[in-house]
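# Per-entry structural report
If you want the building blocks of each chain, they are given just below.
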Amino acid sequence: MTFSWSQAVAWLPVLPLAAAALVPIVAQRNARAAGGFTFVVTLLTAALAVALTIRLVAEGPLTVHLGGWVAPYGIELRFDRLGAWSAPLATFFALVVPFAWRYLEGSVPRERWAAFYALMLLNLGGLIGFSLTVDLFNLFLAMEVVSISSYALVAVAGRGTAAWAALKYLLLGSVSSLLVLFAVALLFALTGSLNLFDVAARLAASEPSPAATLALASLAVAFVVKAALFPLHVWLPDAHAIAPSPVSAVLSGLVVKIGIVGLVRVMQLAGESGIALDVFSELLMLLGAVAIVMGAFLAIFQDDIKLMLAYSTISNIGYIVLGLGLAVPFAVSGALVHVFNHALIKVTLFLAAGSIIHQTGLRTLTDLRGVGRTLPQTCAAMTLGAMAIVGLPPTAGFISKWYIGLGAFSAGRVAYGFALVFGALFVFIYYVRMLNTFYFQRATREEVVAAVEPPWSMRGPVIALAAACLIVGLFGGILLAFITPAVGELLAAMGS
Amino acid sequence: MRWLGLALVVVAAATLMLGVADLPPHGAPDAPVHTHVGARYLERGVAETGMRNLVTAVLLVYRGFDTFLEVVVIFSALVAVVALPRGRAARPDDGDDRPPAASLTAEGPAQQLVSVSPVVAFVVQLLGPFIAVFALASLYRGHVSPGGGFQSAAIFGALFIAIALVQGRERAALLVPRGARVWLQALGPLSFALIGTVGWILTGAFLGYPADAAAYALREAMVVAVEVGIAVGGAVILAQLFMAMEG
């Protein structure tokens, strides 16, 4: 056996997926041990992904042909600058899982812990597989692993309307999955191939066909649903707000991004096959701009802090989609960096909000007045996250939004540039409102006055993430430099 | 609102049908599905994979990673059902960590949900062993002749459900020992991870199978191991999904 780094790419999705099957076995002896086991697996996955990212920067993209069959005859996984998204994915899971150890004690019945941890690993493996594969049918399967685990994670706490929220999520998600499967079938019938780049090359070589356009449109609609772009966002607020907070962090920060990764795949497919996407790009920009404003606007009226964060995700997806639709270097770079930045910020905010809810048992702004004085560290982390999501320099949210804005103005889309500014203004209003409640109002609830900071297994990840919001903001240029070559490639294909 | 929905459905359906109408005619010999990747599988599949059945060659060798993810999807379905709140009031906690849905030893009266005629009960009893043998044959010969792990899992699962309906759940649950359940349900993903690693050691590629004639027995053993994982894992998952339905 000769070790090669490209073979290690195969292990990146396989490790968490195979480990997920072991979780119930570990949990049979001790439910708590399952949490430790899951943490170790996420840590190993993150370490592998980081090692691969270092190889990627040094030597260029790593490709693995599974079973040794070259594309298009076999399945190909690519660890390129887009696939490197797996590294932050695994790292965020490695922070969310220890947070969940103690959080679950109060919110999820003990006999469901094994299922919870297994679902987390399945979700991670699916997300990694989705971002690495360039095989269309494989993409569909990875998406199903992510979707099924996400639906179940929403319902895992099993309280109140969780089952209904999960059902709503499942129904819309299934429509989206069916559209992807339909599109893959169309493309296979047209080209006889499943490898994304082979399909694109064969489409480019054949006569333009309405079926190919329909396939791309189906894929685009399907991924827009997964990304919860306005007006197809209706499943998101309930699902993200009702789920246990570690799950909300994963769903809102990471899982919606499969819609974005999917849209990038559609852009690659369209670019390489020479199918014009003008109408599609226009639509993306329009819906993105509307989502920015509507998501932020609706967030202002939420009293429940998790619902507020959920609406903010809709707004931020708007930023990313607007950036992709503009299809100019600044905007696309900004959008792809914002995929990472928003993940970081939203995981921070949901975990901080989860800490507050866990320690006080309260979740509305009205009840949480004055909580900043009793939970100073957690609320400081929340404040830092809030500054980042508004996009105040020097935090993580600034540089990506700035680049999307620059892109809008440089493309001559001034109206969209202003939509972006208005969105930021609304976001500013609702976070000022939150900070005002936390710090400058007198506590009205006994629980708030009696609250103490959460245990270190919860506080540690929150503080680390909040610090990252600041540090990433200071060194945002590195992320831009990392993603720029990929953006260049993407836009060059689309321009041809 | 209802008319709007109807209009949307009609427009969407018309669009999808127009798209499908543009595809190459069904079964046309010069359609891309028959001339590109598929043609190469037919031409060289047997020689370059060493498999005697081309379906197995595609399922396990060329696109083995897809099959791995399919097995993971089936496992996810079980975990998802286990994670869901129970439809009825949960049973009092019996003190261990196992999820109630994974527990096959449901107690209490009214286990016999349907009153089964003695004729049906007798036929199930009579045919049970034959069905089991058929499932085994489908498993063992599946990579050569029609059949395979998934089919075998479906037959075993159906047999389990038939026995549970006729003999009651407790009797059926004895077929899948409680302690072994968590191991057996994991066999699908685990067998792929294990055999994939063996393939990596032997061929240098994850999920690779040695293709030369000399490695015939080894290759055969690897394929059967994966098929057993799919069949046993799938059957145990089907059985548990059935038992999770308390209604």
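What you see is a predicted model; the values in this text were computed from it and never measured.

Here the focus is the overall build of chain B. Of the regular secondary structure elements, chain B holds 11 helices and 0 strands. Helices and strands in chain B line up, N terminus first, as α-α-α-α-α-α-α-α-α-α-α. Counting over 247 residues, chain B shows a buried share of 41%.

Once that is clear, we can look at the overall build of chain A. Looking only at helices and strands, chain A has 21 helices and 2 strands in total. The globule rule puts the C-alpha radius of gyration for 496 residues at 23 Å, and the 22 Å found for chain A is close to it. With the C-alpha coordinates aligned to their principal axes, the bounding extent of chain A is approximately 70 × 60 × 45 Å. Taking all 496 residues of chain A together, the buried fraction comes to 67%. A separation of at least 24 residues holds for 81% of the contacts in chain A among residues at least 6 apart in sequence.

This paragraph deals with the environment of Leu-465 of chain A. Residues and elements named next belong to chain A. Position of Leu-465 among the secondary structure elements: in helix α20 (residues 456–474). Given 26 C-beta atoms within 10 Å, Leu-465 falls into the buried group. A C-alpha to C-alpha distance of 7.1 Å links Leu-465 and Leu-344, two positions 121 residues apart in sequence. Sequence-distant contacts of Leu-465, defined by excluding residues within four places in its chain, comprise Leu-95, Leu-344, Val-347, Thr-348 and Leu-351.

Contacts between chain A and chain B engage 58 residues on the former and 52 residues on the latter. Within the residue set of the side of chain A that touches chain B, elements represented by two or more residues are α1 (5–29), α4 (113–132), α5 (136–155), α6 (162–191) and α8 (210–227) of chain A. Partitioning the side of chain A that touches chain B into residue classes produces 39 nonpolar, 15 polar and 4 charged.

Our next topic: the nonpolar core. Side chains that are nonpolar tend, in soluble globular proteins, to be buried together. Val-23, Val-96, Ala-152 and Val-154 of chain A together with Val-79 and Ala-83 of chain B are the most contacted members of the largest nonpolar core, which has 287 residues in total. Broken down by element, the residue count for this core peaks at 19 residues, all from helix α14 (residues 329–360) of chain A. What Val-23 of chain A contacts, discounting residues up to four positions off in sequence, is Ala-34, Phe-37, Thr-38, Ala-114, Tyr-117, Ala-118 and Leu-121 of chain A.

Residues and elements named next belong to chain A. Closest axis-to-axis distance for the helix α2 (residues 31–59)/α4 pair is 9 Å, and the angle between their directions is 10°. The angle between α2 and α4 places the two elements in the roughly parallel class. Where α2 abuts α4, its residues Ala-31, Ala-34, Gly-35, Thr-38, Val-41, Thr-42 and Thr-45 lie against Trp-113, Ala-114, Tyr-117, Met-120, Leu-121 and Leu-124. The residue inventory of the contact of α2 with α4, partitioned by class, reads 9 nonpolar, 4 polar and no charged.

All names here are of chain B. Here chain B shows a mean pLDDT of 84. Residues at 70 or above account for 87%. Per-element averaging of pLDDT across chain B places helix α8 (residues 169–173) at the bottom with 84 and helix α5 (residues 64–83) at the top with 94. pLDDT under 50 marks residues 88–112. Its contacts with residues more than four places away, or in other chains, come to 40 contacts. For this predicted complex, the interface confidence comes out at an ipTM of 0.93, alongside a pTM of 0.93.

Mean pLDDT over chain A works out to 91, with 99% of the residues at or above the 70 mark. Looking over chain A, one finds the lowest element-wise mean pLDDT in helix α19 (residues 446–450) of chain A, namely 84, and the highest in α4 of chain A, namely 96.

The next thing to look at is the pairing of strand β2 (residues 76–79) of chain A. All names here are of chain A. The alternating pattern of β2 places Glu-76 and Arg-78 on one face and Leu-77 and Phe-79 on the opposite face, and all of these are buried. Looking at chain direction, strand β1 (residues 62–65) and β2 are connected through 4 bridges and run antiparallel. The residue bridging Leu-62 from the neighbouring strand is Phe-79, located in β2.

Here is what the cut-offs are and how they apply
Residues numbered from 1 in each chain as written. Chains lettered and ligands numbered in written order. Predicted model: local features only at pLDDT ≥ 70, side-chain atom pairs only at ≥ 80, totals over all residues. Helix = DSSP H or I, 4+ residues; strand = E, 2+ residues; numbered from the N terminus. Buried ≥ 20, exposed ≤ 12 C-beta atoms within 10 Å, placed from the backbone. Rg over C-alpha atoms; globule rule 2.2 N^0.38 Å. Contact = placed C-beta atoms within 7 Å. Nonpolar A, V, L, I, M, F, W, Y, C, P; charged D, E, K, R; others polar. Core = buried A, V, L, I, M, F, W, Y, C linked by C-beta atoms within 7 Å. Axes fitted to C-alpha atoms, helices over the stretch in contact; angles between N-to-C directions. Parallel < 35°, antiparallel > 145°, perpendicular 65-115°, else oblique. pLDDT = per-residue confidence, 0-100. Pairing = 2+ DSSP bridges.

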